[in-house]
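Geometric and topological summary
This is what each chain is made of:
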Amino acid sequence: MYKVAVIVGSARPTSSNLKLAKALEKLAAGKLSFQYLRIDNLPFYDEALWDNPPEVVVQLKRDIAAADAVLFVTPEYNRSIPGVLKNALDWPSRPYGEGVWSHKPAAIAGATGGASGTAAAQAHLRSILPMMGLALMGAPEIYFQSRPGAFDENGEITDERVRTNLTIWVDRFSDWIARFATPATEVAARKAS
Ligand SMILES: Cc1cc2nc3c(=O)[nH]c(=O)nc-3n(C[C@H](O)[C@H](O)[C@H](O)COP(=O)(O)O)c2cc1C
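Everything in this summary refers to the structure shown in the same document. Each chain carries its own residue numbering, running from 1 in the written order of its sequence. With pLDDT at 70 or above as the cut-off, local features in this predicted model cover only qualifying residues; side-chain atom pairs require 80 or more to be listed or tallied, and sums for whole chains, interfaces and linings still use all residues. The side-chain quantities take in all heavy atoms of the structure and omit both hydrogens and water.

1. Considering the layout of surface pockets
Space inside and on the surface of the protein is sampled on a 1 Å grid over the protein atoms alone, with a cavity defined as a set of points where a 1.4 Å probe fits but cannot get out and a pocket as an open set with protein on both sides within 12 Å along at least 5 of 7 lines; lining residues have an atom within 4 Å of a point. Grid points are joined across faces, edges and corners, and a volume is the space filled by probe spheres set on the points. Counted as a void, the second largest pocket has a volume near 410 Å³. Residue lining of the second largest pocket: 19 residues in total, with Tyr143, Phe144, Gln145, Val162 and Asn165 positioned closest to the centre. Counting from the N terminus, the helices are DSSP H or I runs at least four residues long and the strands are E runs at least two residues long. For the lining of the second largest pocket, the secondary structure elements donating two or more residues are β6 (143–145) and α5 (160–180). It is α5 that contributes the most residues to the lining of the second largest pocket, six residues altogether. Split by residue class, the lining of the second largest pocket holds eleven nonpolar, four polar and four charged. Under the scheme applied, nonpolar residues are Ala, Val, Leu, Ile, Met, Phe, Trp, Tyr, Cys and Pro; charged residues are Asp, Glu, Lys and Arg; polar residues are all the others, including Gly.

The structure is reproduced here in structure tokens:
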């Protein structure tokens with residue numbers, strides 16, 4: 001089973017993006033195991049902090065390095081990604097030459113109450129991730145409109161058609177990871193060279 005590091009771009013406990021991630025986790029049961037990475041406790045990026053890097057930064061890099069893939073689930077803030085998410089992208093990309101994003105299979109999803117389903121935020125994220133070397137799945141996409149009643153009391157997505165599409169998405173992401181996941185032996189060889 002592939003290990004997926006999940007990064008949700010919203011810190012609030014009632015986040016619709018966290019709910020979407022949890023719904024995807026249920027649909028992926030038996031195929032993917034999700035590990036939720038915390039990003040709201042990271043300091044703002046500061047190059048000088050690498051002299052004595054904060055443990056939360058070191059741990060984030062360790063968790064990403066240990067994952068087979070990464071899933072970003074992002075809200076849209078003023079037509080882009082939230083600052084907390086951008087900060088969490090920048091830390092693991094450094095120090096130069098020691099980033100952990102490179103070659104990592106990845107996918108994007110997003111939820112908002114708005115009809116656009118975070119399309120603008122996702123477009124920005126799509127311009128960032130490949131530049132950092134992630135192997136980003138282009139399609140299918142998830143633009144989730146989090147209307148009242150979109151999730152039931154168990155966190156299940158109520159719209160059956162959407163649930164079916166998300167099940168297909170999970171299968172495609174699993175296939176994507178199988179195609180691009182770097183075997184542990186290769187990672188070790190890269191580190192040694
Ligand atoms: C500062 C700010 C800016 C926002 N800008 C947008 C936006 O551009 N497009 C949009 O669809 N929703 C926007 N929203 C609404 C958020 O998408 C909505 O609050 C969403 O539920 C937040 O995600 P969460 O439920 O995971 O916390 C904005 C919210 C905030 C707080």
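2. Examining empty space enclosed by the protein
One pass over the full model with this rule turns up one cavity of 30 Å³ or more. Approximately 40 Å³ is the volume attributed to the largest cavity. For the largest cavity, the full set of lining residues is Ala23, Lys26, Leu27, Glu156, Ile157 and Arg163. Split into classes, the residues belonging to the lining of the largest cavity amount to three nonpolar, no polar and three charged.

3. Points about the site of the ligand
We define proximity as follows: a residue is near a molecule or strand when any one of its heavy atoms falls within 4 Å of that partner. Neighbouring the ligand are the residues Ser10, Arg12, Ser15, Ser16, Asn17, Pro75, Glu76, Tyr77, Asn78, Arg79 and Thr112. Arg12 has a polar side-chain atom sitting 2.7 Å from an oxygen atom of the ligand. Two N or O atoms form a polar contact when they lie within 3.5 Å of each other; inside protein one atom must be a possible hydrogen donor and the other a possible acceptor, and for residues adjacent in sequence the pair counts only when both atoms belong to side chains. Between the ligand and Asn78, the relevant distance is 2.7 Å, taken from a nitrogen atom to a main-chain nitrogen or oxygen of the residue. For the accessible areas, the method is Shrake-Rupley and the probe is 1.4 Å, while residue cover comes only from the protein chains on display. The protein chains hide 69% of the 620 Å² of surface that the ligand would expose on its own. Class assignment for the residues of the shell around the ligand results in two nonpolar, six polar and three charged.

4. Details of α5
Between its first and last C-alpha atoms α5 spans 30 Å; for 21 residues at 1.5 Å apiece the expected length is 30 Å, and the two agree. Along its buried surface, α5 packs onto β1 (2–8), α1 (16–27), β2 (32–36), β3 (69–73), β4 (105–112) and β5 (135–136). Of the residues flanking the start of α5, the one acting as N-cap is Asp159, its side-chain oxygen 2.9 Å from the backbone nitrogen of Arg161. Each helix should span, by expectation, one fewer than its residue count multiplied by 1.5 Å. Contacts are assigned to residue pairs with any non-hydrogen atoms lying within 4.5 Å of each other.

5. A look at the pattern of salt bridges
By definition here, a salt bridge exists when the distance from a side-chain nitrogen of Lys or Arg to a carboxyl oxygen of Asp or Glu is within 4 Å. Using the criterion set out here, one finds six salt bridges in the structure. For Glu156, the salt bridge is made with Lys26, and the minimal N-O distance between the two is 3.8 Å. Of this pair, Glu156 sits in the loop between β6 and α5 while Lys26 is found in helix α1, placing the two residues 130 residues apart along the sequence. When its relative accessible area of 33% is taken as the criterion, Glu156 is described as partly exposed. Lys26 gets classed as partly exposed once you look at its relative accessible area, which sits at 41%. Only protein chains enter the accessibility calculation, which uses a 1.4 Å probe; a residue whose area is less than 20% of its type maximum is buried, one above 50% is exposed, and one in between is partly exposed.

6. What to know about the packing of aromatic side chains
Centre distance within 6.5 Å is the pairing criterion for rings of Phe, Tyr and Trp, where only the six-membered ring of Trp is used; planes under 30 degrees apart are then read as stacked, over 60 as edge-to-face, and the remainder as tilted. Scanning all chains against the criterion turns up seven aromatic pairs. When the ring of Trp176 is compared with that of Phe180, the centres are 4.5 Å apart and the planes differ by 45 degrees; the resulting orientation is tilted. Residue Trp176 and its partner Phe180 are located together in helix α5, separated by four residues, close to a single helical turn. Using a relative accessible area of 29% as the deciding quantity, one classes Phe180 as partly exposed. By way of ring pairs, the aromatic residues Tyr45, Trp50 and Trp91 are connected into one cluster. Placement of a charge over a ring requires the Lys NZ or Arg CZ to be within 6 Å of the ring centre, with the centre-to-atom vector within 35 degrees of the ring normal. A cation sits over an aromatic face here: Lys22 above Tyr36, 4.7 Å from the ring centre.

7. Side note on the nonpolar core
Buried Ala, Val, Leu, Ile, Met, Phe, Trp, Tyr and Cys residues that are joined via side-chain atoms within 4.5 Å together make up what is termed a nonpolar core. If you look at the biggest cluster of nonpolar residues, it comprises 29 residues, and the most contacted ones within it are Val4, Leu20, Leu24, Leu71, Trp169 and Phe173. Taken together, the elements giving at least two residues each to this core come down to β1, α1, β2, β3, β4 and α5. Element by element, the count of residues in this core is highest for α5, at six residues. Contacts of Leu24, omitting those with residues within four sequence positions, involve Phe34, Leu71, Ala109, Ile142, Leu166, Trp169 and Val170. Counting residues in each nonpolar core, the second largest holds 28 residues, with Leu37, Trp91, Ile108 and Leu129 among its members.

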